[in-house]
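Below are the chains, spelled out letter by letter.
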Amino acid sequence: MASRRSRAPVEADFLVIGSGVAGLRAALELSRSGRVMVLTKGHPLQSSSIHAQGGVAVAMSEEDDVAIHLTDTLKAGHGLCRKEAVRVLVEEGPARIQELIGWGAKFDKVGGKFAFAREAAHSRSRILRARGDATGNEMVRVLIAEVNRQKQIQRLDHHFTVDLVVDAGRCCGAVVLDEGSGRQFVLPARAIVLTTGGAGQIYARTTNPANATGDGMAMALRAGAVLQDMEFVQFHPTALYLPSSPPFLLSEAMRGEGAQLRNNKGALFMQRYHPMGALAPRDIVSRAILAEMAATKARHVYLDVTHLGAEFVKRRFPTIYATCLRYDIDITEEWIPVSPSAHYMMGGVWTDLNGATTVPGLFAAGEVACSGVHGANRLASNSLLEGLVFGARAATVAVAFAGRHDIPQLSSQEAAIRAGQFGTLDDAEKLRSSLRRTMWGQVGVIRSGESLIRACAQLSRWAQLVAQPFASRAALEVKNMVQVAQCVAEAALWRENSVGAHYRSDCPEAKRAGWQQHSRLSSGEVVSGKTLQKKSRGLLLSLRGRIG
Ligand code: SIN
């Protein structure tokens, strides 16, 4: 196919790739120091952030303290969090929330005071919410309104970022696909902030929106960045299970309010698995649900809120109530069929405490990044806070970097791109679907060495099919999904213990020699210069402790 790439119509000091909470907050910070271009595939109202229901965890209630939030987060992370990053999160979080309130965010109140809810593994009620179960929606609404007020920020919606441009070791631009015209062009910038979110779509069942295809992780890997902790994928225990519907999230806040889990025979079962019952950590609840499904030969279990009272349920969970009703389930009267779904990537592009990656000029924040905040398992509702805190921090260091670097001339890259040829991917949809099923079956809630070896071999065959450049968003997404899935499977194969969200049926013990190491993957030379122990199917797997 002939090249359809052409010159960029615009120029900016900063590129922000992705427009969830982290990206929008970063853009606001950057706009104080230069022109900002926010690139979004599709529309900002399609981000993962906007779907976040339960809320945002922040130590602001009278009974709470940042030290307790810190302890709960470290405990959830099973000894694999970076403590300094967690400290940054919990200490800077309250100020970021106050700032959002100043911009107009309306969090729910009871008796004139903020209402703080409880979720699994939190020892205090600390989850702020908006419109019952529409917290992410409210935060994105306020941030977009603020972004739209800033003349220094330009939004390029429906623009898919194909790749990062690295010149003389510095990330200094991006190749972008205009989804409307099909044209590709180069956008140069002084600094780039990556905030593309997660990769839930690599799994057949996921609470993530259709655009969560791991683009940022894959393009950062291709640009030479390091991915850390990719084996840690959080599965949410309660997503709607209906053959005709996507796995819509049924917030953990429902269990926080007293919702119960029942097996296919109607029996309550969680107390048999954990003293905290239905509010046990997510990985334990997810595995308990799978065990009950197997024992009762069922495809799902049930979430029961019928005892909470119809008025309360409708007021507290209006979005969930209305969505289930659309699928003919009145949750005030009927049990809801649920099963686990891929929900959140704890791993991602390695960053330091300020969002700097190992590639100069490239910064990352939010789910695409691995700042070390989540360790082996994320504490519920910490991610919206992470987006705000680390979005702002990444922007601050990007500004400092940009002060020392000009906007580059990328004419040779443009010429190379214009001369390039695109490959074709026959039946991208079929490959996407096969990949999702492979990941769900072999790299899912419970993995084993055997299933991972099979998955890695299959993914490596698919990687050959997607090695070339493509013209369409559909093919480019599948390419990214294959690469991210390979990273998850390779890291999961390497980690021969079961910790946090990573469970290996062939090595269920939590602590084996070296269990506190972090997996780190790169596609080129290992940036940190630490020992390389394995080269596997085109990926370098470096097994030493964390960088920096
Ligand atoms: C939920 O509402 O259960 C999801 C919240 C989260 O994953 O942080």
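A brief report on the enclosed structure follows.

Rules behind the numbers
Residues numbered from 1 in each chain as written. Predicted model: local features only at pLDDT ≥ 70, side-chain atom pairs only at ≥ 80, totals over all residues. Heavy atoms only, no water. Pairing = 2+ DSSP bridges. Helix = DSSP H or I, 4+ residues; strand = E, 2+ residues; numbered from the N terminus. Axes fitted to C-alpha atoms, helices over the stretch in contact; angles between N-to-C directions. Near = heavy atom within 4 Å. Polar contact = N/O pair within 3.5 Å; in protein donor to acceptor, adjacent residues only side chain to side chain. Nonpolar A, V, L, I, M, F, W, Y, C, P; charged D, E, K, R; others polar.

## What to know about the sheet that holds strand E1 (residues 14-17)
Here is step 1: Spatially, five strands are ordered E7-E2-E1-E11-E18 in an open sheet, and the strand pairing comes out parallel. A single partner strand is all that each edge strand has here, and the edge strands are strand E7 (153-156) and strand E18 (362-364). Averaged over all pairs of adjacent strands, the angle between their axes in this sheet comes to 20°, without regard to strand direction.
Here is step 2: Note: E1 against strand E11 (residues 191-194), four bridges, orientation parallel. Of the residues in E11, the one forming a bridge with Phe14 is Ala191.

## Comments concerning the sheet that holds strand E10 (residues 184-188)
Here is step 1: Strand order in the open sheet made by the three strands is E8-E9-E10, with antiparallel pairing throughout. Of all strands in the sheet, those bounded by a partner on one side alone are strand E8 (159-167) and E10. The average angle at which neighbouring strand axes cross in this sheet is 30°, direction not considered.
Here is step 2: Where E8 lies against strand E9 (residues 170-178), eight bridges are found, and the strand directions are antiparallel. In the sheet register, Val166 faces E9, and the bridge partner there is Cys171.

## Section: the site of the ligand
Here is step 1: Looking at the ligand, the residues that line it are Gly54, His236, Leu249, Ser251, Glu252, Arg282, His343, Arg378, Ala380 and Ser381.
Here is step 2: In the environment of the ligand, an oxygen atom lies 2.6 Å from a nitrogen or oxygen atom belonging to the backbone of Glu252.
Here is step 3: Ser381 has a polar backbone atom sitting 2.6 Å from an oxygen atom of the ligand.
Here is step 4: For the shell around the ligand, the per-class residue count stands at two nonpolar, five polar and three charged.

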